[in-house]
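# Chain and residue survey
Single-letter residue listing:
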Amino acid sequence: MKILGISGSPRKGKTTDLLVNEVLKAAGEPTEFVSLAGLQISPCSGCLACVEDNICKIRDDMTGLREKIVEADALVIGAPNYFGHLNGLSHCFLERFYQFRHREADVISGKLGIAVGVGGGMPEPAARDIEKFFEYNQIECLGRALAVGPASCFDCGYGEDCSVGAIYQFYGPGTRITEDITPRLGKQPQAIEQARSLGLKLRERLTLLSR
Ligand SMILES: Cc1cc2nc3c(=O)[nH]c(=O)nc-3n(C[C@H](O)[C@H](O)[C@H](O)COP(=O)(O)O)c2cc1C
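Residues numbered from 1 in each chain as written. Predicted model: local features only at pLDDT ≥ 70, side-chain atom pairs only at ≥ 80, totals over all residues.

## Remarks on the nonpolar core
- Counting residues in each nonpolar core, the largest one holds 47 residues, and the members touching the most others are Leu19, Val23, Val76, Val116, Ile130 and Ala145.
- Ranked by the residues each element gives to this core, the list is headed by helix H1 (residues 15-27), at 6 residues.
- Excluding anything up to four places from it in sequence, Val23 contacts Gly5, Val76, Ile114, Val116, Ala145, Ala195, Leu198 and Gly199. (Core = buried A, V, L, I, M, F, W, Y, C linked by C-beta atoms within 7 Å. Buried ≥ 20, exposed ≤ 12 C-beta atoms within 10 Å, placed from the backbone. Helix = DSSP H or I, 4+ residues; strand = E, 2+ residues; numbered from the N terminus. Contact = placed C-beta atoms within 7 Å.)

Set out below in structure tokens:
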């Protein structure tokens, strides 16, 4: 029984990566973690060349991921919220699952899934989009893990004075950026707990399936 964890954040080692890994650690099965950061994954072109054999003909970094996805019994997919939806890189990655959906739909249907959503203020939209995607692909979603991560405005150098940035939006004008107000996964024990309990739930389900 194999679990594949995927983080669609373009920022390596940040909150989405960390939260996906919390789920994987608790799941304890043979797991593999893949960060999509830096990978070239085009959107689905809708060419339908995958209809006959369920294999996408676009040659990019998704080609190497295909086998890992097919072999996995469960997928833990995480993404950050960008403008009220999961980010573009994650969307491109998920669009390419179209290759699995023709005729022999069982290439991925019946797998188990966990949705991991992160946002600077609102993590839910990213998890909701992943859940919707699981539903389209007949992947049974065991639940969602959510956490807040620091928006780029905490580090960009202009955050305290930027009237369109997250500091103004979430904390109001005049707010100083301090470690106290910076969201970190380590300060969200309930988020870590949620991720771990989903990992354990996944472990139990996979153990039952392997009997
Ligand atoms: C282009 C862009 C758009 C964003 N839009 C939102 C948003 O609409 N709502 C929100 O809560 N956070 C938003 N964020 C903040 C990210 O979700 C937040 O920084 C999150 O921690 C990113 O995940 P990561 O740290 O794993 O990369 C946005 C960030 C970027 C770069």
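Read on for the rest.
## Focus: the domain arrangement of the protein chain
- On domain assignment, one finds that the protein chain holds domain 1 (3-149 + 185-210) and domain 2 (151-183).
- A separation of 29 Å is found between the C-alpha centroids of domain 1 and domain 2.
- Listed per partner, the contact involves 4 residues of domain 1 and 4 residues of domain 2.
- When the residues that make up the side of domain 1 that touches domain 2 are grouped by side-chain class, the tally is 1 nonpolar, 3 polar and no charged. (Domains from an automatic or database assignment. Nonpolar A, V, L, I, M, F, W, Y, C, P; charged D, E, K, R; others polar.)

## Topic: the environment of Ala151
- Position of Ala151 among the secondary structure elements: in the loop between strand E6 (140-148) and helix H5 (166-171).
- Ala151 sits in the buried class, given 21 other C-beta atoms within 10 Å.
- Sequence separation of Ala151 and Gly121 is 30 residues, and the distance between their C-alpha atoms is 8.2 Å.
- Once residues within four sequence positions are removed from consideration, Ala151 is found in contact with Gly120 and Ala166.

## Examining helix H3 (residues 88-95)
- Inspection of H3 places Leu89, Ser90, Phe93 and Leu94 among the buried residues, and these make up the whole buried set. Projected onto a plane normal to the axis of H3, the buried residues spread over an arc of 130 degrees and lie on a single side.
- The inward-facing, buried residues of H3 contact helix H2 (61-71), strand E3 (74-82), strand E4 (85-86) and helix H4 (124-136). (Arc of directions from axis to C-beta.)

## Some words on the environment of Phe154
- Of note, Phe154 is situated in the loop between E6 and H5.
- For the pair Phe154 and Thr182, spaced 28 residues apart in sequence, the C-alpha separation works out to 7.3 Å.
- For Phe154, the contacting residues outside a window of four places in its chain are Gly159, Ile177 and Thr182.

## Some points on the site of the ligand
- Around the ligand lies a shell of 19 residues, among which Thr16, Pro80, Gly119, Gly120 and Gly149 are the nearest.
- For the shell around the ligand, the secondary structure elements donating two or more residues are H1, E3 and strand E5 (112-119).
- The element contributing the most residues to the shell around the ligand is E3, with 3 residues.
- A breakdown of the residues in the shell around the ligand according to their chemical character gives 7 nonpolar, 10 polar and 2 charged. (Near = placed C-beta within 6 Å.)

## Topic: the packing of H1 against helix H6 (residues 189-210)
- Contact pair H1 / H6: the axes reach a minimum separation of 7 Å and the direction vectors enclose 40 degrees. In this view, H1 runs oblique relative to H6, as classed from their interaxial angle. Read as a crossing pair, H1 and H6 show a hand that is right-handed. Here H1 contributes Leu19, Glu22, Val23, Leu24, Lys25, Ala26 and Ala27 to the contact with H6, which in turn contributes Ala191, Ile192, Ala195, Arg196, Leu198, Gly199, Leu200, Leu202 and Arg203.
- Within the contact of H1 with H6, the residues separate by chemical class into 11 nonpolar, 1 polar and 4 charged. (Axes fitted to C-alpha atoms, helices over the stretch in contact; angles between N-to-C directions. Parallel < 35°, antiparallel > 145°, perpendicular 65-115°, else oblique. Left-handed = near helix turned anticlockwise from the far one by under 90°.)

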